[in-house]
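Understanding the architecture of this molecule
Next come the chains, spelled out residue by residue.
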Amino acid sequence: MMIRITNVLQHLLRWSIFLISTDAVREEVLNDLEEGYIKIKHAAGHASAEQWYLRQAFSSLPDLLIYRLQSTAHIRATAGVVLGWAAAFVAAVLVGITTELFIENPLASETPLYLVLLVTMACAFASALAGGYVCLLTTRRPNYLVMALIGAFVLTPDFVFAIQSNEIDVFVLPLPIIAIILGLTLSEKLSTHSGRRLL
Amino acid sequence: MASNRLGDFEFAVLTAILRLGPQSYGVAIREDIETQTGRMVSIGALYTTLRRLEAKKLVKSKFGTSTPRRGGRAKRFYSIEPLGRKAVKDTLLTMQRAIGGVQTI
């Protein structure tokens, strides 16, 4: 029974590798797994060869997946857009909550405008930094412009609302967008540094 | 200069190719690194690294003749390019500079 389970696992892993890996590495990885399996089977027996195969196949999956993400343009672009949008969405929610809190607070009129802006920009900066960092660690080459534009589009309605409600000067509108771009740029520096260390 | 910086694993792969010479193909490189470093090398990590090194023009590859051992499939042999040799030398120099002046560890 045990042998059958490992056989099923072996086939599942083989198929996973086949599906996940890119054309550039697929054949070589599968050939080497097969060659290694046969080699160990002759030297140490069937059970050892199976163990080796499972361990090798399992440990190869993350590398193959990351390589697929990094080398496939449309997946990279999608990941960039999704993560950038997620970062901007978090920023928009935080901006909305912050603005609403200040508007609904009876002390709102006593709250300095620069404080509202500072908190808003910090939120936008932090979420762009976090989103960009995750995106860059996985994809290495995101499309900054797309991410920044999505961030700007998601944030703009909140700021228009804030302008109408709080009479914020229209000239402060680009500030959170600048904060997002700064966050993304900084995340690039951080992830490049981490990427080198991880290699 | 920045592009010549190698990671630990890239360095191990390139030095294995240098050691193995014309016999450098996937299985041999993996076994060599495992022998030299004493740690398990995943096949996925090896081939993705080899592709990256090829993209950076640090190594090149060509198919050999097919053997019955691999079910008639040809092996892909790797050799180091001049840029790869330079990258290994640069990395070694960086390591030597980094450890310079250290009396005891």
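Residues numbered from 1 in each chain as written. Chains lettered and ligands numbered in written order. Predicted model: local features only at pLDDT ≥ 70, side-chain atom pairs only at ≥ 80, totals over all residues.

1. Things to note about the confidence of the model for chain A
All names here are of chain A. Confidence in the prediction for chain A averages 66 pLDDT; 33% of positions are at 70 or higher. Put simply, helix H6 (residues 144-166) is where chain A has its lowest mean pLDDT, 53, and helix H2 (residues 23-44) is where it has its highest, 88. With pLDDT under 50 throughout, residues 142-146 is counted as low confidence; its partners more than four residues away or in other chains account for 11 contacts. Of the regions scoring below 50 in pLDDT, residues 193-199 engages in six contacts with residues more than four places distant in sequence or in other chains. (pLDDT = per-residue confidence, 0-100. Helix = DSSP H or I, 4+ residues; strand = E, 2+ residues; numbered from the N terminus. Contact = placed C-beta atoms within 7 Å.)

2. What about the environment of Tyr67 of chain A?
Looking at where Tyr67 of chain A falls in the secondary structure, it is placed in helix H3 (residues 46-71). Residues Tyr67 of chain A and Ile20 of chain A, spaced 47 residues apart in sequence, show a C-alpha to C-alpha distance of 9.3 Å.

3. Some thoughts on helix H4 (residues 82-99) of chain B
Residues and elements named next belong to chain B. Over its 18 residues, H4 runs 26 Å from end to end, which matches the ideal 26 Å to within 8%, given 1.5 Å per residue. Taken residue by residue, H4 has Gly84, Ala87 and Val88 as its buried positions. End-on, the buried residues of H4 take up no more than an arc of 100 degrees, which puts them together on one face. Turned more than 90 degrees away from the buried face of H4 sit Pro82, Lys89, Leu93, Gln96 and Arg97, all of them exposed. Tucked inside the fold, the buried residues of H4 contact helix H1 (8-20), helix H3 (43-55), strand S1 (59-66) and strand S2 (74-80). Following H4 by one or two positions, Gly101 has its phi on the positive side, about 90 degrees. (Expected span 1.5 Å × (residues − 1). Buried ≥ 20, exposed ≤ 12 C-beta atoms within 10 Å, placed from the backbone. Arc of directions from axis to C-beta.)

4. Observations regarding the packing of H1 of chain B against H4 of chain B
Relative placement of two packed helices is described by the angle separating their axes and the distance separating the axes. Residues and elements named next belong to chain B. Following both chains from N to C, one finds H1 and H4 inclined at 120 degrees, their axes separated by 10 Å at the closest point. Relative to H4, the element H1 lies oblique. In the crossing of H1 with H4, the sense of the turn from one axis to the other is left-handed. Within the contact between the two elements, H1 uses Phe11, Leu14 and Thr15 and H4 uses Gly84, Ala87, Val88 and Thr91. Each residue belonging to the contact of H1 with H4 can be placed in one class, and the counts come to four nonpolar, three polar and no charged. (Axes fitted to C-alpha atoms, helices over the stretch in contact; angles between N-to-C directions. Parallel < 35°, antiparallel > 145°, perpendicular 65-115°, else oblique. Left-handed = near helix turned anticlockwise from the far one by under 90°. Nonpolar A, V, L, I, M, F, W, Y, C, P; charged D, E, K, R; others polar.)

5. Looking at the packing of H2 of chain A against H3 of chain B
Orientation of H2 of chain A relative to H3 of chain B, taken along the N-to-C sense of each, is 145 degrees, at an axis distance of 10 Å. For the pair H2 of chain A and H3 of chain B, the crossing hand works out as right-handed. Each of Ala24, Val25, Glu28, Val29, Asp32 and Leu33 of chain A in H2 of chain A lies in contact with H3 of chain B, whose residues at this interface are Ile43, Gly44, Tyr47, Thr48 and Arg51 of chain B. Partitioning the contact of H2 of chain A with H3 of chain B into residue classes produces six nonpolar, two polar and three charged.

6. A few points about unusual backbone geometry
Residues other than glycine predominantly adopt negative phi, and peptide bonds predominantly adopt the trans conformation. All names here are of chain B. Positioned with a positive phi, Lys57 is a non-glycine residue whose angle comes to about 65 degrees. Inspection of the secondary structure puts Lys57 in the loop between H3 and S1. Owing to 12 C-beta atoms within 10 Å, Lys57 belongs among the exposed residues under this scheme.

7. Observations concerning the environment of Gly21 of chain B
Along the chain, Gly21 of chain B turns up in the loop between H1 and helix H2 (26-37). For Gly21 of chain B and Phe77 of chain B, which are 56 residues apart along the polypeptide, the C-alpha to C-alpha distance reads 9.6 Å.

8. Structural notes on the nonpolar core
If you look at the biggest cluster of nonpolar residues, it comprises 31 residues, and the most contacted ones within it are Val13, Leu14, Ile17, Ile29, Leu46, Leu50 and Val59 of chain B. Of all the secondary structure elements, the ones that give two or more residues to this core are helix H1 (2-20), H2 and H3 of chain A together with H1, H2, H3, S2 and H4 of chain B. Among the elements that take part in this core, H3 of chain B stands out by supplying six residues, more than any other. In this structure, Val59 of chain B is in contact with Ile17, Leu50, Leu53, Glu54, Tyr78, Ser79, Ile80, Glu81 and Gly84 of chain B, ignoring residues within four places of it in sequence. (Core = buried A, V, L, I, M, F, W, Y, C linked by C-beta atoms within 7 Å.)

9. Topic: H3 of chain B
Residue and element names in this part refer to chain B. With 13 residues, H3 extends 18 Å from end C-alpha to end C-alpha; this agrees with the ideal 18 Å at 1.5 Å per step. All of the buried residues in H3 are Ile43, Gly44, Ala45, Leu46, Tyr47, Thr48, Thr49, Leu50 and Leu53. Downstream of H3 by a residue or two, Lys57 has a phi angle that is positive, lying close to 65 degrees.

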